[in-house]
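# Reading the structure
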Amino acid sequence: MSSTEYETLRWPTNLDRAGIELRLVQVRDYALANGLPEIAAFFENVPKLGSAQLGAVVLSALNALQNSPEHRQATTQLEMVAMNLKNLK
């Protein structure tokens, strides 16, 4: 997530499905690399999830990470995706 880790000042609010999926794959990869298999599992089949399912897994992952400030990088990506869920078709 190195290319996106400093986007906190100006978050994109116009991500389309492809942009959302890309960020969720980055979160999955981060989770796998940082010993968070339960978070990675939320995003195993992102392209196959419907809009409502995608929203549900994003919120579930955010809830699971809410008490883990050491994983702020993943939380930030998930918050960005959550702000863009309205763009899903």
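Counting restarts for each chain, with residues numbered from 1 along the sequence as it is written. Reporting in this predicted model follows two pLDDT cut-offs: at least 70 for local features of residues, and 80 or more for side-chain atom pairs to be given and counted; totals over whole chains, interfaces and linings ignore these cut-offs and use all residues. Note: side-chain values were computed over all heavy atoms of the structure, leaving out hydrogens and water.

When the terminal C-alpha atoms of helix α1 (residues 17-33) are compared, their 24 Å separation across 17 residues agrees well with the 24 Å that a helix rising 1.5 Å per residue should span. Working definition: with a 1.4 Å probe on protein chains only, accessible area under 20% of the residue-type maximum means buried, over 50% means exposed, and in between means partly exposed. What counts as a helix is a DSSP run of H or I of at least four residues, what counts as a strand is a run of E of at least two, and both are numbered from the N terminus. Turning to α1, its buried residues number three or more, namely G19, I20, E21, R23, L24, Q26, V27, R28, Y30 and A31. Where α1 is buried, its residues touch α2 (37-42), α3 (51-65) and α4 (72-84). Taken from the residues just after α1, G35 is the one with a positive phi, measuring 70°. The span you would expect from a helix comes to 1.5 Å times its residue count less one. Contact between two residues is taken to exist if any of their heavy atoms lie within 4.5 Å; hydrogens are not considered.

Over its 13 residues, α4 extends 18 Å from the first C-alpha to the last, a length consistent with the 18 Å expected when each residue adds 1.5 Å. Listed in full, the buried residues belonging to α4 are A74, T75, T76, Q77, L78, M80, V81 and N84.

What follows is about the pattern of salt bridges. Here a salt bridge means any side-chain nitrogen of Lys or Arg lying within 4 Å of a carboxyl oxygen belonging to Asp or Glu. According to the stated counting rule, one finds three salt bridges in the structure shown. In this structure, R72 engages E79 in a salt bridge whose closest nitrogen and oxygen atoms are separated by 2.9 Å. You can call E79 partly exposed: its relative accessible area is 25%.

Next up on the list: the confidence of the model for the chain. Any segment with low pLDDT has predicted coordinates that should not be analysed in fine detail. Every residue carries a pLDDT, the predictor's confidence in it, which falls somewhere between 0 and 100. Taken as a whole, the chain shows an average pLDDT of 89; of its residues, 89% reach a score of 70 or greater. Within the chain, α2 carries the highest mean pLDDT (97), whereas α4 carries the lowest (94).

Now for the packing of α1 against α3. Think of two packed helices as two axes; the pair is described by the angle between the axes and how far apart they sit. Orientation is described by axes fitted as lines to C-alpha atoms, over the contacting stretch for helices, and by angles from 0 to 180 degrees between their N-to-C directions. Following both chains from N to C, one finds α1 and α3 inclined at 35°, their axes separated by 13 Å at the closest point. Here α1 runs over α3; the crossing is left-handed. When α1 is examined against α3, the residues R17, I20 and L24 are found in contact with a partner set consisting of S51, L54 and V58. Split by residue class, the contact of α1 with α3 holds four nonpolar, one polar and one charged. Take the far helix as the reference: if the near one is turned anticlockwise from it by less than a right angle, the crossing is left-handed, and if turned clockwise, right-handed. Think of it as three bins: nonpolar holds Ala, Val, Leu, Ile, Met, Phe, Trp, Tyr, Cys and Pro, charged holds Asp, Glu, Lys and Arg, and polar takes everything else, Gly as well.

Axis separation between α1 and α4 bottoms out at 10 Å; the angle between their running directions is 160°. On the basis of their axis angle, the class for α1 and α4 is roughly antiparallel. For the element pair α1 and α4, the recorded crossing hand is left-handed. Facing α1, whose interface residues are I20, R23, L24, Q26, V27 and Y30, α4 presents Q73, A74, Q77, L78, M80, V81 and N84. Its residues assigned to classes, the contact of α1 with α4 comprises eight nonpolar, four polar and one charged. Angle categories: roughly parallel below 35 degrees, roughly antiparallel above 145, roughly perpendicular from 65 to 115, and oblique for all the rest.

As a rule of thumb, nonpolar side chains are buried together in soluble globular proteins. Within the largest apolar cluster, 22 residues are counted, with the highest numbers of intra-cluster contacts made by I20, L24, I39, F43, L54, V58 and L78. Taken together, the elements giving at least two residues each to this core come down to α1, α2, α3 and α4. Per-element tally for this core: the top contributor is α3, with six residues. Every residue in contact with L54, bar those within four places of it in the chain, is listed here: R17, I20, L24, V46, L49 and L88. For the purposes of this section, nonpolar cores are sets of buried Ala, Val, Leu, Ile, Met, Phe, Trp, Tyr and Cys residues that join through side-chain atoms within 4.5 Å.

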